[in-house]
Each structure stands twice: as structure tokens, then as C-alpha cells.
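Observations on the model geometry
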Amino acid sequence: MARAAREADGMTVETAELSAALERAADRLRRLPESRLRRGAADRGRALADELTRRAQLLEEPHAGGTRRVPDAGLWAVGDQIAVTGDDLARAIARVEDRDRARRELAEALRLVDGFTG
């Protein structure tokens, strides 16, 4: 996973905390029994993955007409989808040249992921 976002002055915005939070959320979903996934945990995980994707796309292509959604790849794929879309967002944050914006985006991503209960 992406570890740091390069800042304009050569410093970095550390994204290791985001990477760790993403792995915890993904692992939590990977360990859930099918019954919990079916009772809404998978849907909540897909919603998080969609939001992570939306944020990454807005950073990468701010003038694009819309954002793509994460496909429904089944109950057992949701944890992996969070890990992948979160890594995409961390990499997008790494390419943000304005360090204040990068910090804001990183803080918001952490808030979303830390608030995910699965």
C-alpha cells in the first residue's frame, strides 16, 4: 500500500496510518461469517469501497463527468475491494501537490475508514 504522499516542498504526508486502518477494515470483513455479511456488513463494505473510489477519482480526474462504482463481486470479495480502493485513494493523495489539501484528504479518508464498523 502507498505509504506517503509527497508534498510540494519535498516533505511527505504519511499515509501509513491510513494503510493500517484499511487493512484492519478489510481483515474485519474477511473474517466475518456469511450470515453477518448477508445481514448488511457486505453492503456497508461496498458502500465504503464506493466512497473510497469516488474520492480517488475526484482527486485523479476532478473534471470527469462522474465516478465509477465498485462492481458487486460477491460477499467474499468486499474486504479485498476495500483494500484495493483504499490503496488507490492513498496513491491519489500521494499525487496531490497542495500539501494542505493532501492532509485534509488524508484526514477525511481516515475518518471514513476508522468509522467503518463492518
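Throughout what follows, the structure given in this document is the object of discussion. These numbers come from a predicted model, not from an experiment.

**So, the nonpolar core**
Counting 31 residues, the largest nonpolar core has Leu18, Leu29 and Ile82 as the members making the most contacts within it. Listing elements by their share of this core, those giving two or more residues are helix H1 (16–31), helix H2 (34–60), helix H3 (78–94) and helix H4 (99–114). Ranked by the residues each element gives to this core, the list is headed by H2, at eight residues. When residues no more than four places from it in sequence are discounted, the contact partners of Leu18 are Ala90, Ile93, Leu106, Ala109, Leu110 and Val113.

**Remarks on the pattern of salt bridges**
Tallied over the entire structure, the rule returns 16 salt bridges. Among the salt bridges present, the one from Arg101 reaches Glu105, with a minimum N-O distance of 3.7 Å. Of this pair, Arg101 and Glu105 both sit in helix H4, four residues apart, which is roughly one turn of the helix. Salt bridges here are not isolated pairs; linked through shared partners, they connect Glu51, Arg54, Arg55, Glu108 and Arg111.

Thresholds applied
Residues numbered from 1 in each chain as written. Predicted model: local features only at pLDDT ≥ 70, side-chain atom pairs only at ≥ 80, totals over all residues. Heavy atoms only, no water. Core = buried A, V, L, I, M, F, W, Y, C linked by side-chain atoms within 4.5 Å. Buried < 20%, exposed > 50% of the residue type's maximum accessible area, 1.4 Å probe, protein only. Helix = DSSP H or I, 4+ residues; strand = E, 2+ residues; numbered from the N terminus. Contact = heavy atoms within 4.5 Å. Salt bridge = Lys/Arg side-chain N within 4 Å of Asp/Glu carboxyl O.

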